[in-house]
Amino acid sequence: MRVNGRVLRYGTLAERRLFLSLGITELRVPRSMNPYTVARRIARAAKNNTPDMEFLEALATQAKRPPDQPPVPPPDFDRPEPVLPEHEFVHAEAA
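The present account deals with the structure reproduced in this document. What you see is a predicted model; the values in this text were computed from it and never measured.

Digging into the overall build of the protein chain
Phase 1: A tally of regular secondary structure across the protein chain gives 4 helices and 3 strands.
Phase 2: Counting helices and strands in the order they occur from the N terminus, the protein chain gives β-β-α-β-α-α-α.
Phase 3: Long-range pairs, those at least 24 residues apart, make up 47% of the contacts in the protein chain between residues at least 6 apart in sequence.
Phase 4: Entry remark: accessible area of the protein chain is about 7,400 Å², with carbon and sulfur atoms responsible for 55%.

Section: the packing of aromatic side chains
Phase 1: On inspection of all chains with the given rule, the structure shows 1 aromatic pair.
Phase 2: Taken together, a centroid distance of 6.1 Å and an interplanar angle of 80 degrees make the contact between Tyr10 and Phe19 edge-to-face.
Phase 3: Judged by its relative accessible area of 0%, Phe19 is buried.
Phase 4: In this structure, Arg41 packs its charged tip against the face of Phe55, placed 3.8 Å from the ring centre.

What counts, and at which threshold
- Residues numbered from 1 in each chain as written.
- Predicted model: local features only at pLDDT ≥ 70, side-chain atom pairs only at ≥ 80, totals over all residues.
- Heavy atoms only, no water.
- Helix = DSSP H or I, 4+ residues; strand = E, 2+ residues; numbered from the N terminus.
- Contact = heavy atoms within 4.5 Å.
- Areas by Shrake-Rupley, 256 points an atom, 1.4 Å probe, with all protein chains shown as cover.
- Phe/Tyr/Trp six-rings, centres within 6.5 Å; stacked < 30°, edge-to-face > 60°.
- Buried < 20%, exposed > 50% of the residue type's maximum accessible area, 1.4 Å probe, protein only.
- Lys NZ or Arg CZ within 6 Å of the ring centre and 35° of its normal.

Take a look at the structure:
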């Protein structure tokens, strides 16, 4: 299993078959989970049919997007939201 930040990609043929059987080519791990732990569980699921398979299916259904939807980057919470015209007065008072 190849870990690139929060994105997991298959590293062996067994993992590739597992991913393709679920209809995905990569998996983005939610921030609430450790990507290395998820990678270990995927490797175990690729070796044999264990309870890890249900775990992977649940993650894959969360990560799937419609084929016509392009991939979007995760939201950037470091930048402030734009100030709408109706809120300019409130922001001007605070400054």
